[in-house]
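Architecture and fold: a report
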There are 2 protein chains.
Amino acid sequence: MQNFRLTIEYDGTNFNGWQTQAQNCRTVQGEIQKALKIIFKKNITLIGSGRTDSGVHALGQTAHLKIKTAMPTDEILRALNANLPDDISIINVEEMPLKFHAQYGIKTKTYRYTILNRPSRSPQQRNFCLFYPYKLNLKVMKEEAKVLVGKHNFKSFQSTDPARPERGEDSVRTIKRLDIKKKDGRITIDIEADGFLYKMVRSIVGTLIEVGRGKLAKGSMKKILSAKDRSCASPTAPAKGLCLWETKY
Amino acid sequence: MQNFRLTIEYDGTNFNGWQTQAQNCRTVQGEIQKALKIIFKKNITLIGSGRTDSGVHALGQTAHLKIKTAMPTDEILRALNANLPDDISIINVEEMPLKFHAQYGIKTKTYRYTILNRPSRSPQQRNFCLFYPYKLNLKVMKEEAKVLVGKHNFKSFQSTDPARPERGEDSVRTIKRLDIKKKDGRITIDIEADGFLYKMVRSIVGTLIEVGRGKLAKGSMKKILSAKDRSCASPTAPAKGLCLWETKY
């Protein structure tokens, strides 16, 4: 048996997220498993680094699969891409030790949220950013975001996961890095953490937008974080601005 | 009467090019003229800096229109965007002297052609680049491209325009700048000129690809340029990699 790690890019616009579902939904995992079945003539389970929600994109999603094959990795890559729809692409295939696990082996994940902050929409970027034409105070956003970095209970930024409502996991995560930058009218918010709660990035971004807009006073982020109560934070930002950027093992 | 210059971004994927046609085609000019009619309750002709072909994109197309209105420019911008489909956006509206003409006033135009030169497709960029997975020798491409810079007869890179087959214009143009760069697996070819012949950029790019691939020997570009014969150059590169980047007046 061999163990292969796939690195995957996708345009999440027309997917019901990563994970195969009982219903007849179009998912990234489902489409790749279909392609694997065509190539290897059997059902193969693909284990992702984690789920992404409906409409969320990825440049660096990772997953592993176990199979015995004589096919070299570059040929697996070409065969997969030849059998995948044009909104999914396998960027890399690498053989790993048998013990490698795409989900449990994760050290950190990085998500990028993109806000187009200029007076006009962008047709060319329309599926990959939130268009927000109002003035945002970047300096205040950066200042308020600082309290999020480190090991905290992020319950205030955790939505109830409909797929796992009673999972009862703790809400403590460690944000290693939170970078906010603006270039050519695009604000990017990069968050690297050892793990993310359900809709955590989008809840943080939604709150940062209200901070930048002046709807939340200085010091709000600290209070919201301490409250450990989702109703204290702002609405989640839309899925289309979010992209799973990188996974590190 | 006032004269307004619009700067326009579009995703050309679902357009039959810029120019309104007799047939019932979806064009960028046609969609903007529809929006102008909704706002100003009359037919207004929009004069573009020039046509772009079916499937070609723009970040900096410009056009002018004449009308008498009390509406300030930022309100015209908002009203237009509110009445345009999401694959067109007006980036800027500026009042110009009455004599300003979007086509005749042009000093230079810049087009960018993007080639995704890596082993895998990119779902997120799929409508905005040519995917070309084979090795390209960038050094040779840059070297051969040098002969194109300057004032030349570009007949070898001119296709017959079906809309104006007997126009009989001369084929002399001046390329001011031709930059080839590669970053993160993307090759960009920027060409700035005082004007472009029909499918000129795409013919040049198609030929540069064959140069980079080693299908054309060293010195080929010079011979092709001198021949003044379209059949000497390579096939035109696909429309979707091309974007009208900037116009200068």
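What you see is a predicted model, and the numbers here were worked out from it, not measured in a lab. (Residues numbered from 1 in each chain as written. Chains lettered and ligands numbered in written order. Predicted model: local features only at pLDDT ≥ 70, side-chain atom pairs only at ≥ 80, totals over all residues. Heavy atoms only, no water.)

To continue, consider the domain arrangement of chain A. Residues and elements named next belong to chain A. When its domains are assigned, chain A resolves into domain 1 (2-96) and domain 2 (108-248). Taken over C-alpha atoms, the centre of domain 1 sits 27 Å from the centre of domain 2. Each partner contributes residues to the interface: domain 1 has 16 residues there, and domain 2 has 18 residues. Carbon and sulfur atoms supply 52% of the area that domain 1 and domain 2 bury against each other, a total of about 1300 Å² over both sides. On the domain 1 side of the contact with domain 2, Arg 51, Asp 53 and His 57 bury the most area, a combined 42% of that side's loss. Connecting domain 1 to domain 2 are one salt bridge. For Arg 202, the salt bridge goes to Asp 53, with nearest N and O atoms at 3.8 Å. Summed over the shared surface of domain 1 and domain 2, the result is nine residue pairs in polar contact (both at pLDDT 80 or more). Of the residues belonging to the side of domain 1 that touches domain 2, the class tally is three nonpolar, ten polar and three charged. (Domains from an automatic or database assignment. Contact = heavy atoms within 4.5 Å. Buried area = accessible area lost by both parts, 1.4 Å probe. Salt bridge = Lys/Arg side-chain N within 4 Å of Asp/Glu carboxyl O. Polar contact = N/O pair within 3.5 Å; in protein donor to acceptor, adjacent residues only side chain to side chain. Nonpolar A, V, L, I, M, F, W, Y, C, P; charged D, E, K, R; others polar.)

Bringing the packing of helix 3 (residues 138-145) of chain B against helix 4 (residues 200-213) of chain B into the picture now. Residues and elements named next belong to chain B. Helix 4 packs onto helix 3 with a crossing angle of 130° between their chain directions and a minimal axis gap of 8 Å. One element, helix 3, and the other, helix 4, form an angle in the oblique class. Here helix 3 and helix 4 pass one another in a crossing that is right-handed. Here Val 140, Met 141, Glu 144 and Ala 145 of helix 3 come into contact with helix 4, specifically with Leu 208, Val 211 and Gly 212. (Axes fitted to C-alpha atoms, helices over the stretch in contact; angles between N-to-C directions. Helix = DSSP H or I, 4+ residues; strand = E, 2+ residues; numbered from the N terminus. Parallel < 35°, antiparallel > 145°, perpendicular 65-115°, else oblique. Left-handed = near helix turned anticlockwise from the far one by under 90°.)

Attention now goes to the relation of the copies chain A and chain B. For the pair chain A and chain B, the relating rotation is 180°, the translation along its axis is 0.0 Å, and the fit reaches an RMSD of 0.0 Å. Those values place the two copies in the arrangement expected of a two-fold rotation axis. It is A:Gln125 whose C-alpha, among those of chain A, lies nearest the rotation axis, at 4.8 Å. When you check the interface residues of chain A against chain B, 100% turn up at the interface there too, and the contact is symmetric in its surfaces. (Least-squares fit on C-alpha atoms with pLDDT ≥ 70 in both.)

Bringing helix 2 (residues 73-82) of chain B into the picture now. Three or more residues of helix 2 of chain B are buried, namely B:Ile76, B:Leu77, B:Ala79, B:Leu80 and B:Asn81. Along its buried surface, helix 2 of chain B packs onto strand 1 (2-10), helix 1 (28-40) and strand 4 (88-96) of chain B. (Buried < 20%, exposed > 50% of the residue type's maximum accessible area, 1.4 Å probe, protein only.)

Another aspect to go through is the environment of A:Asp170. Mapped onto the secondary structure, A:Asp170 falls in the loop between strand 7 (150-153) and strand 8 (172-183). Within the local environment of A:Asp170, its side chain forms a polar contact with the backbone nitrogen of A:Val172, the two atoms lying 2.7 Å apart.

Attention now moves to the packing of aromatic side chains. Residues and elements named next belong to chain B. Applying the stated criterion across every chain, the model contains eight aromatic pairs over all chains. On the numbers, 4.8 Å between centres and 65° between planes, the contact of Phe 100 with Tyr 249 is edge-to-face. Of the two residues, Phe 100 is situated in the loop between strand 4 and strand 5 (108-116) and Tyr 249 in the segment after strand 10 (242-248); the sequence distance between them amounts to 149 residues. With relative accessibility at 10%, the residue Phe 100 sits in the buried group. Judged by its relative accessible area of 25%, Tyr 249 falls in the partly exposed class. Seen in terms of ring centroids, Tyr 111 and Phe 196 are 5.0 Å apart; in terms of plane orientation they differ by 90°. Their pairing is edge-to-face. Taken together, the residues Tyr 111 in strand 5 and Phe 196 in the loop between strand 9 (186-193) and helix 4 connect sequence positions 85 residues apart. For the pair formed by Tyr 111 and Phe 196, the shared burial category is buried. Over the ring of Trp 245 we find Arg 112; its NZ or CZ atom is 4.2 Å from the centre of that ring. Over the aromatic face of Tyr 134 sits the side chain of Arg 213, whose NZ or CZ is 5.2 Å from the ring centroid. (Phe/Tyr/Trp six-rings, centres within 6.5 Å; stacked < 30°, edge-to-face > 60°. Lys NZ or Arg CZ within 6 Å of the ring centre and 35° of its normal.)

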